[in-house]
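Here is what each chain is made of, one letter per residue.
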Amino acid sequence: MYLNKKKAKKIHELKKEKNAIILAHFYMIPEIQDLADYIGDSLELAKISQKNDADIIVFCGVHFMAETAKILSPEKKVLLPDLEAGCSLADSCPPGDFKKFKEKYPDHKVISYINCSAEIKALSDIICTSSNAVDIVNSFDKDQKLIFAPDKNLGGYINNITGRDMILWDGTCEVHDLLTVETILKLKNKYKDAPVIAHPECKAQILAMADFVGSTSKLLKYTQESEKNMFIVATETGIIHQMKKYSPHKEFIIVPSDENCMCNDCPYMKEITSDKVLKSLEEEKYNIELDDELIKKAYMPVKKMLDLSK
Ligand code: 13P
Ligand code: SF4
């Protein structure tokens, strides 16, 4: 679905009037990607949230992303167009349970993937995203014992790459965790010359067989720079819009989570529509509000990550 011109004009006028910007993740539906001022992966969006002159950020992504923007820019109004835009991975790590888990390992430092709540961030020593996780883990002394939360797939992948033995919280993304090796093998058999590129939230067996693993931005860059003309893409469907934009002559085969459906659309990301963005700007909702003390505690580990990711 592409954006209606009248609606786009109204959104543009409201943005100007209220000094607002729209940030969008690559998993948004195409019409949202096309109206955004900035589009990026989690790390890029966190950086932009911190450095911009707007009074209002309309975050077209999921709740933990909007919360991160608020943590980084507490003086700004951060709006999420639909509060149903959550994240199964963030939800797989309830703060009370995680606090007890952490207490079992008092000599461990905690690295949390950015896909977690502000409360989990506040319980962490440092945050990482899928694009900087290896560097963040390697920033710790080899002997330092580590906990990685909440994604066990990303954590296991980083353990393999770095040779660490991080304790993993047992969380997954319901979208990536549905993708199977069998489906990819079938696609590989059909499209023999196409490399498999995968997001690190996929299962270990998929990551082991992939030709390239990376964050959404890195996957996009890979398809732009590769000499190949066809790619088997193991992640959420939204990224294909940008891949096609940057490389219109190339072909992208999205890995279905099931042969009969395309259910690897993230239901939370897909909650955000242009009607909701317009309403969000008109009514200034839904305003992300966090307790000052929580912001202070969650800011330190996010800042540490940003300092290491310049
Ligand atoms: P990226 O940081 O790679 O954009 O990933 C965000 C996400 O939610 C993946 O499911
Ligand atoms: Fe969360 Fe998975 Fe959706 Fe990303 S794709 S926002 S990890 S549920």
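Scope of this entry: the structure provided in the associated data block. (Residues numbered from 1 in each chain as written. Chains lettered and ligands numbered in written order. Predicted model: local features only at pLDDT ≥ 70, side-chain atom pairs only at ≥ 80, totals over all residues. Heavy atoms only, no water.)

### Here we look at the site of ligand 1
Residues in close proximity to ligand 1 include His-25, Tyr-27, Asp-41, Ser-42, Tyr-113, Asn-115, Ser-130, His-176, His-199, Glu-201, Ser-215 and Thr-216, which together make up its full environment. One of the side-chain nitrogen or oxygen atoms of His-25 is found 2.6 Å away from an oxygen atom of ligand 1. Between ligand 1 and Thr-216 there is a distance of 2.6 Å, counted from an oxygen atom to a side-chain nitrogen or oxygen. Computed on the free molecule, ligand 1 has an accessible area of 300 Å², of which 96% lies beneath the protein chains in the complex. Tallied by class, the residues present in the shell around ligand 1 amount to 2 nonpolar, 8 polar and 2 charged. (Near = heavy atom within 4 Å. Polar contact = N/O pair within 3.5 Å; in protein donor to acceptor, adjacent residues only side chain to side chain. Areas by Shrake-Rupley, 256 points an atom, 1.4 Å probe, with all protein chains shown as cover. Nonpolar A, V, L, I, M, F, W, Y, C, P; charged D, E, K, R; others polar.)

### Observations regarding the sheet that holds strand β3 (residues 56–60)
Overall, parallel pairing links the 4 strands, which are arranged β2-β1-β3-β4 in an open sheet. Lying at the two open borders of the sheet, with one neighbouring strand each, are β2 (38–40) and β4 (77–79). Sheet twist, expressed as the mean angle between neighbouring strand axes with direction ignored, is 20 degrees. When β3 meets β4, the two strands line up parallel, connected through 3 bridges. If you follow Ile-56 over to β4, its bridge partner there is Lys-77. Relative to the sheet, helix α14 (residues 274–283) contacts β1 (20–25), β3 and β4, its axis offset from that of β3 by approximately 160 degrees. (Pairing = 2+ DSSP bridges. Helix = DSSP H or I, 4+ residues; strand = E, 2+ residues; numbered from the N terminus. Axes fitted to C-alpha atoms, helices over the stretch in contact; angles between N-to-C directions. Contact = heavy atoms within 4.5 Å.)

### Some thoughts on the site of ligand 2
Within the structure, ligand 2 sits among Tyr-27, Val-62, Cys-87, Ser-88, Asn-115, Cys-173, Glu-201, Cys-266, Tyr-268 and Met-269. Counted by class, the shell around ligand 2 contains 7 nonpolar, 2 polar and 1 charged residues.

### Some details on unusual backbone geometry
A cis amide bond links Ala-149 to the next residue, Pro-150, at an omega of -10 degrees. Topologically, Pro-150 is positioned in the loop between β7 (146–149) and α9 (152–162). Cis geometry is adopted by the peptide bond preceding Tyr-286, which originates at Lys-285 and carries an omega value of 0 degrees. Relative to the assigned elements, Tyr-286 resides in the loop between α14 and α15 (292–308). In this structure, Asn-19 is a non-glycine residue whose phi angle is positive, near 50 degrees. For Asn-19, the location among the structural elements is in the loop between α1 (5–18) and β1. Classification of Asn-19 as partly exposed rests on a relative accessible area of 33%. Even without a glycine there, the phi angle at Glu-284 is positive, about 50 degrees. (Buried < 20%, exposed > 50% of the residue type's maximum accessible area, 1.4 Å probe, protein only.)

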